Amino acid sequence: MNNRLNVTYTPRGPISAGIKGPFLVTKLMVLELLSAKELVWRLFVRDFKAKYRQSALGVTWAIVMPLVTVGMFIGMNRSGILNISDVDIPYPLYAIIGLTIWSVFTVGLSACASSLLIAGSMITKINFPKASLIFAASGQGIVEFIIRSALIMLAFLYFGVAPHLGGLFIGLICLIPLYLMMVGMGFILSLVAGVLRDIANFLNIALMGIMLLSPILYPITGDSLLARANIWNPFNYLVNLPRDFIVKGASDFLTGYIISAILSIIFFYVGWKLFYLAQTKIAERI
Amino acid sequence: MGDLVIKAEGISKKYCRTIKHTMLYGATDLSKSFLGINQNTNHLRNGEFWAVDNLSFELKRGECLGVIGPNGSGKSTLLKMINGIFMPDRGKIEINGRVGALIEIGAGFHPMLTGRENVYVNGSILGLSKKEIDRKFDDILDFAEIGEFIDAPVKHYSSGMHVRLGFAIAAQMEPDVMLIDEVLAVGDIGFRDKCFNAMARILKNAAVIFVSHAMPLVARISSRVCVMNHGNAVYQGRDVPKGIHNYYSNFEVATGIIAGNGRAVIHNIDFESKGEKGIEQLNYLDDLTVHLDLTVDPEVKYPSVAIGFISQELQTVALCYSLFDKIRIHNAGEHMNLALKLPEVCLSPGAYMLLVHITDERRVEVFAEHYAVKKLKIIGDFVTSAPVQLAGNWYINKTMLHKTGDL
């Protein structure tokens, strides 16, 4: 049931009485989100409960997975397969922080990308703000981050290193662009997944590839092709600046970070708008 | 009360026949609407067709529009446009108020969550706030009659419980427009009755659009009817029985089914009325003789024969059974002509099909069964959704009333 009163459905989309003026679409998008706050929360809780309810390890999965990944890299480093250059803090700590920050993006994006498809029958039968599905799914990235933060704390204690207190706060705030980037891409990927079903498989490979090619689990230094390419990689800045702040309260990545953050906001807005305009067209094709 | 809540003007929707076109046009339409390019949605591109073509109607509060038509005639597409799931390609729909839908209820239930959790999720998908759901929770529980299962995961529910809970939530909505699509086909009789009462309550304050293939239901609830075929409204109006009749005329009688163990063979069936043989139609209350040419296995001494009529809903609406009439048919194994004379056929005007059963006297062994083998049309100047219009005499203070001509 929609709460919009006096609406006219036309080939160009729904027209609600009383809302007009410039930035009409943006206004409608925001109004829709505000009216769907509760729905976003419900869907988020639903997904969260459903995800962890019937697994024996429950929430601990979120901790075991990064431990296994980091363990593999430590092993490769020690055996000399992979030569990781020195970082300011113990390497496992560096890797765990990087992976945890990165998980905001990967877990959230995977959830967003499949959210429309999973809700398929609902979309074609019930009229509700579809964007709430994406926002709800994006919350899973945040949950994953919070659970894994426990791991970071343990790692700090274990290695006897303290995070930079002021930097910790700034670092957390500086995760917002990464989140916005994820939601923006999630909007677009969820639409694409509605038409091309193989997006999920592709996404896992792509995310793994980005992780390995970006300085997330290990620093990429020197004058290699990869290092030069990473100057243009927004994830380089979106992950490393928050990590630097958490670890030492300062970062050299500021310029790149600001550009990347602006890029994220654009991605977020464009993705959301595209999604908003497309939602009625997707419903007839999903 | 009585105010206009839906106004649809010349709405049309086009669909693609192939997936290739769906994806191609989908991508181009999306990019165009994102770039703000005006699209001419009026003409059909290669591989497209109108699923709903130029439909107009108005509906006031308290009215119920029954939408009927064969499969694929555009009924569900129409409902989805009114529900705002997708936009019409031509025309426009004005809606004043909240739209509620009973369309595949229970969509959105998560199998891992309990019934209680799903009530809250589903309720908020349908646009109810937490407060509203809190307030209505007991009613929902009451209506669904699933008792303590409310705290069990929905995946352990029977399909009936699933639907009951879904309907219970949807029935709590207080919409101005209610869309109902073939949801009452499930559930037991008791629950169906409850659904009717809920719908009657909703109908008082809302305009209802009701899609169904169950004509008795349509006749019972609808105040107006729209008959669709191939996307077009072939009939629209307040004469519901006429619309239902129109709907039936879309269907040709399927070729009959002949079964049985072969110990009886029916060679020929013929209808006779007013002394004329080989007829296919007669007037309401005319006489009818059904002639059967048959041979039965000589070992069967006393076969029983049933002759009946099937409505277009495939319900057996009338039956004559030699057994119930205490008639014993003696069989010598020779070819025989059996005739059943009906002095006044009181089937309501419409199309019917004949069925013939030949069994033993215990009705256990079926020698021959001819189902829907021959068509009979009853002609009359009235239409009703009841399959039988009983013929009787009317009295006022013991004085019999006589038939007038046309009224």
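Just so you know, the residues in each chain are numbered from 1, in the order the chain's sequence is written. Each chain is given a letter, starting from A, and each ligand a number, starting from 1, according to the order in which they appear as written. Restriction of local features to residues with pLDDT of at least 70 applies here, the model being predicted, together with a cutoff of 80 or more for giving and counting side-chain atom pairs; totals for whole chains, interfaces and linings are based on all residues. Side-chain numbers come from the whole structure's heavy atoms, not from hydrogens or water.

Chemist: Let's hear about the packing of aromatic side chains: which residues, and what values?
Modeler: We call Phe, Tyr and Trp rings a pair once their centres come within 6.5 Å, taking the six-membered ring for Trp, and we label the pair stacked below 30 degrees between planes, edge-to-face above 60, and tilted otherwise. Scanning the model with the defined rule gives 24 aromatic pairs over all chains in all. Consider the rings of Phe167 of chain B and Phe191 of chain B, whose centres lie 5.9 Å apart with planes at 80 degrees: the pair is edge-to-face. Taken together, the residues Phe167 of chain B in helix α5 (residues 159-170) and Phe191 of chain B in helix α6 (residues 189-205) connect sequence positions 24 residues apart. Where Tyr321 of chain B meets Phe324 of chain B, the ring centres are 4.7 Å apart and the plane angle is 45 degrees; that geometry is what we call tilted. The buried label applies to any residue whose accessible area, calculated with a 1.4 Å probe on protein chains only, is under 20% of its type's maximum; exposed applies above 50%, and partly exposed to all values in between. The exposure class assigned to Phe324 of chain B is partly exposed, which follows from its relative accessible area of 47%. Among the aromatic side chains, those forming a connected cluster through ring pairs are Phe135, Phe187, Phe268, Trp272 and Phe275 of chain A. Two limits define a charge over a ring: the Lys NZ or Arg CZ must be within 6 Å of the ring centre, and within 35 degrees of the ring normal. Over the ring of Tyr94 of chain A we find Arg243 of chain A, and its NZ or CZ is 3.7 Å from the ring centre. Secondary structure elements follow DSSP: runs of H or I of four or more residues count as helices, runs of E of two or more count as strands, with numbering from the N terminus.

Chemist: Please set out the pairing of strand β15 (residues 304-310) of chain B residue by residue, giving values where relevant.
Modeler: All names here are of chain B. Within β15, 7 of the 7 residues are buried, which leaves the element mostly enclosed by the surrounding structure. Between any two strands, pairing holds if DSSP finds at least two bridges. As paired strands, β15 and strand β18 (residues 350-359) are joined by 7 bridges and run antiparallel to one another. Bridged to Ser304 within β18 is Thr359. Of the strand pairs in this sheet, β15 and strand β16 (residues 316-321) are connected by 5 bridges, and their pairing is antiparallel. Bridge assignment links Ala306 to a residue of β16, and that residue is Tyr321. Counted along the chain from β15 to the antiparallel partner β16, the turn is 5 residues long, and its residue Leu314 has a positive phi close to 65 degrees.

Chemist: Give me the pattern of salt bridges: which residues, what numbers.
Modeler: Salt bridge criterion: a side-chain nitrogen from Lys or Arg within 4 Å of a carboxyl oxygen from Asp or Glu. Under the definition given, this model contains 24 salt bridges over all chains. Put simply, Asp47 of chain A and Arg46 of chain A hold a salt bridge, and the shortest N to O gap is 3.3 Å. This pair shows no difference in class: Asp47 of chain A is buried, exactly as Arg46 of chain A is. Through salt bridges with shared partners, one network takes in Arg263, Asp297, Glu299 and Glu365 of chain B.

Chemist: Provide a residue-level description of the domain arrangement of chain B, including the pertinent values.
Modeler: Residues and elements named next belong to chain B. Residue ranges assigned to the domains are those given by an automatic or database domain assignment. Parsing chain B into structural domains produces domain 1 (4-248) and domain 2 (257-379). One C-alpha centre belongs to domain 1, the other to domain 2, and the line joining them spans 43 Å. Note on contacts: a residue pair qualifies if any of its non-hydrogen atoms lie within 4.5 Å across the two residues. Of the residues lining the interface, 6 residues belong to domain 1; the matching set on domain 2 comes to 4 residues. Of all residues in domain 1, Pro216, His245 and Tyr248 give up the largest surface area on contact with domain 2, accounting jointly for 89% of the area buried on that side. Each polar contact in these results corresponds to two N or O atoms within 3.5 Å; when the atoms are within protein, one needs to be able to donate a hydrogen and the other to accept it, and residues that are neighboring in sequence are counted only if both atoms are side-chain atoms. Here domain 1 and domain 2 share 1 residue pair in polar contact (both at pLDDT 80 or more) between them. When residues of the side of domain 1 that touches domain 2 are traced back to their parent elements, those giving at least two are α7 (215-221) and α8 (240-248). Amino acids outside the nonpolar list (Ala, Val, Leu, Ile, Met, Phe, Trp, Tyr, Cys, Pro) and the charged list (Asp, Glu, Lys, Arg) are all regarded as polar, and Gly is one of them. Across the side of domain 1 that touches domain 2, the residue classes break down as 4 nonpolar, 2 polar and no charged. By buried area we mean the combined loss of accessible area, with a 1.4 Å probe, across both parts when two parts are placed together.

Chemist: Mind laying out helix α3 (residues 61-78) of chain A, listing which residues take part and the relevant values?
Modeler: All names here are of chain A. To estimate how far a helix should extend, the number of its residues minus one is multiplied by 1.5 Å. Here α3 is 18 residues long and its end C-alpha atoms lie 26 Å apart, about the 26 Å a rise of 1.5 Å per residue gives. Every buried residue belonging to α3 is among Ala62, Pro66, Thr69, Val70, Phe73 and Ile74, and all of these are buried. Buried residues of α3, viewed axially, fall in a sector of 140 degrees; they line one side. The inward-facing, buried residues of α3 contact α2 (37-53), α4 (91-118), α6 (131-159) and α9 (199-213). The directions considered for the arc run from the helix axis to the C-beta atoms.

Chemist: Any details on the sheet that holds strand β8 (residues 224-229) of chain B? Residues and values, ideally.
Modeler: Residue and element names in this part refer to chain B. If you trace the 6 strands from one edge of the open sheet to the other, you get β5-β6-β7-β3-β8-β9, paired in mixed fashion. Strands at the two margins of the open sheet, each flanked by one partner only, are β5 (99-103) and β9 (232-237). The mean inter-strand angle of the sheet, taken between neighbouring strand axes irrespective of direction, is 15 degrees. Sheet topology note: the strand β3 (residues 64-68)/β8 ladder contains 4 bridges and is parallel. Opposite Val67, over in β8, you have Cys226 as the bridge partner. Lines are fitted to the C-alpha atoms to define the axes, a helix being fitted only along its stretch in contact, and any angle between axes, read from their N-to-C directions, falls within 0 to 180 degrees. Against the sheet, α8 makes contact with β3, β8 and β9, and its axis sits at roughly 15 degrees relative to β8, the strand it touches most.

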